[in-house]
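Chain by chain, the residues:
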Amino acid sequence: MSVFIIAEIAQAHNGSIQKVYDYITALAGTGIDAIKFQTHIAEAESSIHEPFRVKFSDQDATRFDYWKRMEFSKEQWVEIKNRCDQAGLEFMSSPFSNAAVDLLEEIGIQRYKIGSGEVNNFLLLEKIAATGKPVIVSSGMSSFQELDETVAFLKDKNVDFSILQCTTSYPTAPDQYGLNVIQELKDKYQVVIGYSDHSADIGTCIAATALGAEILEFHAVFNHTDFGPDATSSIEIKDIPVMTKSVRNIALSRKHLIDKSNNSQFAELKRIFEKSLSVNKTLPKGHILTFDDLEAKKPKGYGIDASQFETVIGKSITKALQKWDFLTESDIEHE
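Residues numbered from 1 in each chain as written. Predicted model: local features only at pLDDT ≥ 70, side-chain atom pairs only at ≥ 80, totals over all residues. Heavy atoms only, no water.

The chain is annotated in an unreviewed UniProt entry as N-acetylneuraminate synthase from Dokdonia pacifica.

As structure tokens, then:
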């Protein structure tokens, strides 16, 4: 099992193209596979009637104004993608309108990420399906019934898709992670399943990997105190290398299953570390052994195995033994 790791910048750039470039540079050495953006075209996706999820900005009178401020021109998107290419990272973005899909197609994109709020937007899914490109679906606000409808739609369009378990809560508390859903999604849909994280805790993605997630997505930020609606739900860039290393190690371990019924590879170590019975005091010939007479000492093979101690209790010894002598079969009186 390999894991595809996506760091999402989203609106952490706060509309600054230079900050986008700074994020790309900073994320390039963290061990991720892709950087994901959000492509917003305010007129095509929103209106002045859209409420704020979190009223974090005093400079934007409406959320429509905020999306407008988050827009980049086609030329800027081209440069963003070029910089991702130069950094060796896949350029990804979530479109929130059909117009955004047209823009991303012009720029060049390998796959599409569907945000939680767009899972049942079949108009958008129809547009994306027509591109013939793979799709990653985030299930944050969807019930299984709604996901069934989306899955049926994508299958009907012959779309190559995967699904992310996600909890649309910012930040996500431990009792909301829904890590159990990873296996439920695997069993139900028989496609690649991943995890989209908003917990701001590197342990969550690591745990998701251990439970079988093959795609990880999380928000990245320079500092949790940065401006923006997702800052407190994001992982700080300085912590990402630790997470990616752990994720890669766990993914590798899941590829190499251990057969616990066969421990032959440990034969030599067992000889060193396992123990033989000895006596913990000087004993005369004919002494009847009790539990309190026994000790176990390394290495194995110099006396009766320590695991067999019960077989010698109540037996007499055939000769005098000095304190710490190993206890062998020939030292025991056998009837």
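After that view of the structure, there is still more to cover.
**Thoughts on the UniProt feature "domain: AFP-like" (unreviewed entry) in the chain**
With numbering aligned to this structure, UniProt lists the feature "domain: AFP-like" (unreviewed entry) at residues 276–335. The span residues 276–335 is 0% helical and 13% strand by assignment, and the distance between its end C-alpha atoms comes to 23 Å. (UniProt positions renumbered as here; feature names shortened; annotations may be inferred. Helix = DSSP H or I, 4+ residues; strand = E, 2+ residues; numbered from the N terminus.)

**Topic: the pattern of salt bridges**
In the structure shown here, the tally under the stated rule is 23 salt bridges. In this structure, Lys157 and Glu126 form a salt bridge, with 3.0 Å as the shortest nitrogen-oxygen distance. Here the residue Lys157 occupies a position in the loop between helix 7 (144–156) and strand 6 (161–166), and Glu126 occupies one in helix 6 (residues 122–129), the gap between them amounting to 31 residues. A residue is classified by how much of its surface remains accessible, and Glu126, at 37% relative accessible area, is partly exposed. Close ionic contact of Glu214 with Lys186 constitutes a salt bridge, the shortest N to O distance being 3.2 Å. (Salt bridge = Lys/Arg side-chain N within 4 Å of Asp/Glu carboxyl O. Buried < 20%, exposed > 50% of the residue type's maximum accessible area, 1.4 Å probe, protein only.)

**Observations regarding the domain arrangement of the chain**
Per the domain assignment, the segments making up the chain are domain 1 (4–255) and domain 2 (264–331). When each unit is reduced to the centre of its C-alpha atoms, the spacing between domain 1 and domain 2 is 63 Å. (Domains from an automatic or database assignment.)

**Focus: the pairing of strand 6**
Of all the 6 residues making up strand 6, 6 are buried; the element is thus mostly covered by neighbouring parts of the structure. Burial along strand 6 is two-sided: the residues Phe161, Ile163 and Gln165 and Ser162, Leu164 and Cys166 are all buried. As defined by bridge partners, strand 5 (residues 135–138) adjoins strand 6 across 4 bridges and the pair is classed as parallel. Residue pairing across strands places Ser138 opposite Leu164, the latter belonging to strand 6. Once you follow strand 5 into helix 7 and on to strand 6, the crossover reads as right-handed. (Pairing = 2+ DSSP bridges. Right-handed = clockwise from strand over helix to strand, strands pointing away.)

**With respect to the nonpolar core**
Counting 63 residues, the largest nonpolar core has Leu27, Ile32, Ile35, Phe37, Ile80, Phe91 and Phe218 as the members making the most contacts within it. For this core, the element with the most residues is helix 1 (residues 17–27), which contributes 5 residues. Excluding its chain neighbours within four sequence positions, the residues that come into contact with Ile32 are Ile5, Ala7, Leu27, Leu89, Phe218, Ile240, Thr244 and Arg248. Counting residues in hydrophobic clusters, the runner-up holds 11 residues, among them Val279, Val312, Ile317 and Leu321. (Core = buried A, V, L, I, M, F, W, Y, C linked by side-chain atoms within 4.5 Å. Contact = heavy atoms within 4.5 Å.)

**Section: the state of the cysteines**
Tallied over the entire structure, the rule returns 0 disulfides. Not engaged in a disulfide, the cysteine Cys84 finds its nearest cysteine sulfur in Cys205; these two sulfurs lie 19 Å apart. Residue Cys84 is classed as buried on the basis of its relative accessible area of 0%. Sulfur of Cys166: no disulfide; nearest cysteine sulfur belongs to Cys205 and is 11 Å away. (Disulfide = S-S within 2.5 Å.)

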